[in-house]
Amino acid sequence: MPAMPLWLQGVFEFGQAALLSALAVVLPLTGVWFANGFTDRGFLSMARLAGQAWLLIHGVPLTLKFPEDVTSTGQSSGVLSLIPLGLSLIPFALAWRSGRRLARASYSDQLWQGLLGALGIYAALGLMTAYLCSTSEASASLVAGALIPLIPAGAGLVVGAYREAGSWPRLIGMDLAVWIAKTSQHSRWAGSYAWAAIRAGLLGVTAATGLAALLLATTIGLHWADVVTLYERLEPGIVGGSVLTIAQLGFLPNLVGWSFAWSTGAGFALGTGSSITPLATSAGPLPAVPILGALPIGTLDYGFAVLFLPVLAGVLAGWWFLREGENHFDEWLAIKLDVRWLTSSISTLVLAGFIGVISGLCGAVVAWLAQGSAGIGRFVDLGPVPLEVALWLAPEIALGVVIGYALGPWLERERSA
């Protein structure tokens with residue numbers, strides 16, 4: 001029996017991934033429908049709602065249209081672009097699995113065939129969903145429906161294929177070691193220095209995000225009684241409560257991003273004109289979403305203390321870079337200038353600035369992913385401002401790098417003692 005063509009296997013793998021991710025949306029909504037949660041909707045209308053939700057978890061913005069009497073401002077339309085990043089992990093994980101299977105079934109110079117078939121069917125399904133599920137209340141652009149779902153699915157596909165291949169050279173069919181060997185020694189030193197600094201910057205923003213997640217968990221634990229009180233006031237029932245909890249879990253990574261922005265000092269918005277920062281909270285009226293009961297309220301006497309969390313992340317990044325041992329710029333300066341205290345200071349400051357900029361840019365990406373619009377009223381402005389997060393985070397990480405790089409030799413001696 002002949003083997004299945006790679007492009008057809010890609011179609012099968014991603015068709016399966018699209019179906020499973022759709023079921024993750026359809027099943028909870030079907031439960032609500034059977035519990036009479038959608039009293040004014042038929043099953044076909046509920047199915048279109050599920051399709052719109054499928055597009056949203058893939059990052060496709062929805063254009064909402066409202067009757068004239070819905071908003072006091074007379075708003076007739078808006079854009080829903082707040083992506084539930086937790087639910088976006090479902091298509092990413094399914095695509096990751098498909099990427100591993102395709103990489104296992106193909107040689108490195110043939111992998112493009114499976115990738116092309118997989119991405120082609122996903123684009124077609126996204127286009128079809130945007131066309132069939134658009135209504136007078138909510139609609140999606142056909143171009144966006146076809147292309148944007150390829151971002152989370154394609155990212156999962158590439159990561160999964162890399163995980164199976166074990167290296168980028170094997171994945172793309174190119175021996176990078178041979179190419180690097182053809183470059184000059186100075187180019188190799190500069191490249192290794194830049195690559196180590198980039199990885200340190202990624203470590204810094206990852207550590208800052210992890211510390212922010214721990215901060216969020218602590219805040220939820222301290223305000224758990226307020227969260228439960230909001231649940232009791234809503235009285236959603238078993239099915240409604242389950243769907244509400246799933247929805248909040250879907251937005252949990254967004255909340256981590258908001259907590260991350262808050263810990264940098266930039267803060268975030270919960271509606272136009274609101275400001276949630278470590279020093280004060282000015283939020284205005286909020287929807288009765290239980291998880292919002294964990295928000296810090298009023299003036300925080302010691303709120304500025306959270307600004308040390310990104311600095312601590314920078315300390316880890318600086319220490320890691322020292323252990324990596326790739327500070328070729330410092331070695332080059334030491335050759336050019338025979339004043340060790342000056343060359344050491346300059347190289348450390350340059351390194352801190354480089355890593356700080358990398359972390360700031362990555363932090364802006366985190367903030368951009370976490371922010372969005374609910375499409376109605378003042379809630380068109382939700383989440384942090386990416387540029388503000390970058391401007392706050394970069395110097396905080398840089399300061400931490402200076403401390404970590406300076407303390408690194410002492411810490412290493414303590415470890416070896």
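The notes below deal with the structure included here.

Cut-offs applied
Numbering of residues starts from 1 in each chain and follows the order in which that chain's sequence is written. Local features in this predicted model are restricted to residues whose pLDDT is 70 or higher, and side-chain atom pairs enter the listing and the counts only when it is 80 or higher, whereas totals over whole chains, interfaces and linings include all residues. In computing side-chain properties, one takes all heavy atoms of the structure into account and sets aside hydrogens as well as water. Helix numbers and strand numbers start at the N terminus; a helix is a DSSP run of H or I with at least 4 residues, a strand a run of E with at least 2. Categorising residues by exposure relies on relative accessible area from a 1.4 Å probe, with only protein chains included: less than 20% of the type maximum marks a residue as buried, more than 50% marks it as exposed, and the intermediate range marks it as partly exposed. Only heavy atoms matter for contacts: two residues are in contact if any of them lie within 4.5 Å across the pair. For the area figures, the Shrake-Rupley method with a 1.4 Å probe applies, and any residue is considered shielded solely by the protein chains shown. Classification of ring pairs uses Phe, Tyr and Trp, with its six-membered ring standing for Trp, and accepts pairs whose centres are within 6.5 Å; under 30 degrees between planes counts as stacked, over 60 as edge-to-face, and the remaining range as tilted. Under this scheme, a helix contributes an axis fitted over its contacting stretch, all axes are lines through C-alpha atoms, and angles between N-to-C directions fall in the 0 to 180 degree range. Orientation categories follow fixed angle ranges, with anything under 35 degrees roughly parallel, anything over 145 roughly antiparallel, 65 to 115 roughly perpendicular, and all other angles oblique. In this scheme, a crossing is called left-handed if the near helix is turned counterclockwise away from the far one by less than a right angle; it is called right-handed if the turn is clockwise. Residues are grouped as follows: Ala, Val, Leu, Ile, Met, Phe, Trp, Tyr, Cys and Pro are nonpolar; Asp, Glu, Lys and Arg are charged; all remaining types, including Gly, are polar. Here a polar contact means two N or O atoms within 3.5 Å. Within protein one must be a hydrogen donor candidate and the other an acceptor candidate, and residues neighboring in sequence count only if both atoms are side-chain atoms. At least two bridges found by DSSP between two strands is the condition for calling them paired. Note on patches: the residues involved have over 30% relative accessible area and no salt bridge, like charges join within 9 Å, and the nonpolar side chains Val, Leu, Ile, Met, Phe, Trp and Tyr join within 5 Å. In the sections that follow, a salt bridge refers to a side-chain nitrogen of Lys or Arg positioned within 4 Å of a carboxyl oxygen of Asp or Glu. Residues belong to a common nonpolar core when they are buried Ala, Val, Leu, Ile, Met, Phe, Trp, Tyr or Cys residues joined through side-chain atoms within 4.5 Å. Expected helix span is computed as 1.5 Å times (number of residues minus one).

**What about the overall build of the protein?**
- Helix and strand counts for the protein stand at 16 helices and 7 strands.
- Taken across its 417 residues, the protein has 40% of its residues classed as buried.
- Within the protein, contacts between residues at least 6 apart in sequence are counted, and of these 76% link residues at least 24 apart.
- Accessible area of the protein: about 21,800 Å², with a carbon and sulfur share of 70%.

**Comments concerning the packing of aromatic side chains**
- What the rule picks out here adds up to 6 aromatic pairs.
- Judged by centre distance (6.4 Å) and plane angle (40 degrees), the rings of Tyr-193 and Phe-354 are tilted. Of this pair, Tyr-193 sits in helix H9 (residues 185-222) while Phe-354 sits in helix H15 (residues 340-370), placing them 161 residues apart in sequence.
- On the numbers, 6.3 Å between centres and 55 degrees between planes, the contact of Phe-321 with Tyr-405 is tilted. A residue pair is termed long-range when its members are at least 10 positions apart, and Phe-321 in helix H13 (residues 308-324) and Tyr-405 in helix H16 (residues 386-416) qualify at 84 residues.
- Here Phe-321 falls in the buried class, since its relative accessible area comes to 1%.
- Put simply, the rings of Tyr-193, Phe-321, Phe-354 and Tyr-405 touch in pairs and so form one group of aromatic residues.

**Side note on the packing of helix H1 (residues 6-34) against helix H2 (residues 43-57)**
- Between H1 and H2, whose axes approach to 9 Å, the crossing angle comes to 135 degrees. For the element pair H1 / H2, the angle class is oblique. In the crossing of H1 with H2, the sense of the turn from one axis to the other is right-handed. Where H1 approaches H2, its residues Ala-18, Ser-21, Ala-22, Val-25, Val-26, Leu-29, Thr-30 and Trp-33 are matched on the opposing element by Phe-43, Met-46, Leu-49, Ala-50, Ala-53, Trp-54 and Ile-57.
- Across the contact of H1 with H2, the residue classes tally to 13 nonpolar, 2 polar and no charged.

**So, the environment of Ser-347**
- As for its position among the elements, Ser-347 is in helix H15.
- On the basis of relative accessibility, which here comes to 1%, the residue Ser-347 falls in the buried class.
- Remark: the alpha-carbon pair of Ser-347 and Glu-331, spanning 16 residues in sequence, is separated by 8.9 Å.
- Side-chain polar atoms of Ser-347 contact the backbone oxygen of Ser-344, separated by 3.0 Å.

**Some words on the sheet that holds strand S1 (residues 62-65)**
- The strand order S2-S1-S3 describes an open sheet built from 3 strands, whose pairing is antiparallel. The open sheet has two edge strands, strand S2 (77-80) and strand S3 (138-139), and neither has a second partner.
- When S1 meets S3, the two strands line up antiparallel, connected through 2 bridges. Across the sheet, residue Thr-63 finds its bridge partner in S3, namely Ser-139.

**Points about the pairing of S1**
- Alternating residues of S1 divide into Leu-62 and Leu-64, all buried, and Thr-63 and Lys-65, none buried.
- Both S1 and S2 contribute to a ladder of 4 bridges, which runs antiparallel. Its bridge partner being in S2, Thr-63 is matched across the sheet by Val-79.

**Regarding a nonpolar patch on the surface**
- Together, Leu-337, Val-339, Trp-341, Leu-342, Ile-346 and Val-350 make up a nonpolar patch on the protein surface, roughly 500 Å² of accessible area in all.
- Position of Val-339 relative to the elements: it lies in the loop between helix H14 (328-336) and H15.

**Some points on the nonpolar core**
- Counting residues in hydrophobic clusters, the biggest one holds 24 residues, and the most contacted among them are Phe-260, Phe-321, Leu-351, Ile-355, Val-389, Ile-397 and Val-401.
- Sorting the residues of this core by element identifies H9, helix H12 (252-264), H13, H15 and H16 as the ones contributing at least two each.
- With 8 residues, the single largest contributor to this core is H9.
- Counting 23 residues, the second-largest nonpolar core is a separate cluster that includes Phe-14, Leu-64, Ala-130 and Leu-157.

**Describing H1**
- Under the 1.5 Å per step criterion, the end-to-end length of H1 is 41 Å for 29 residues, consistent within 8% with the ideal 42 Å.
- By the burial criterion, the buried members of H1 are Leu-6, Gln-9, Gly-10, Glu-13, Phe-14, Ala-17, Ala-18, Ser-21, Val-25, Leu-29, Thr-30 and Val-32.
- Against the buried residues of H1 lie H2, helix H3 (85-105), helix H4 (111-132), helix H6 (150-165) and helix H11 (237-250).

**Some details on the pattern of salt bridges**
- A full pass over the atoms with the stated rule returns 1 salt bridge.
- We note a salt bridge from Arg-101 to Glu-13, for which the minimum N-O separation is 2.5 Å. Taken together, the residues Arg-101 in helix H3 and Glu-13 in helix H1 connect sequence positions 88 residues apart.

**Let's talk about H2**
- Here H2 is 15 residues long and its end C-alpha atoms lie 21 Å apart, about the 21 Å a rise of 1.5 Å per residue gives.
- Backbone geometry just downstream of H2 places Gly-59 in the positive-phi region, at approximately 95 degrees.

**Focus on the side chain of Thr-264**
- Mapped onto the secondary structure, Thr-264 falls in helix H12.
- At 2.6 Å, the side chain of Thr-264 forms a polar contact with the backbone oxygen of Ala-261.
- Of note is the side chain of Thr-264, whose polar atom sits 3.3 Å from the backbone nitrogen of Ala-266.

**Some details on the environment of Thr-30**
- Inspection of the secondary structure puts Thr-30 in helix H1.
- Relative accessible area serves as the criterion here: at 15%, Thr-30 is assigned to the buried category.

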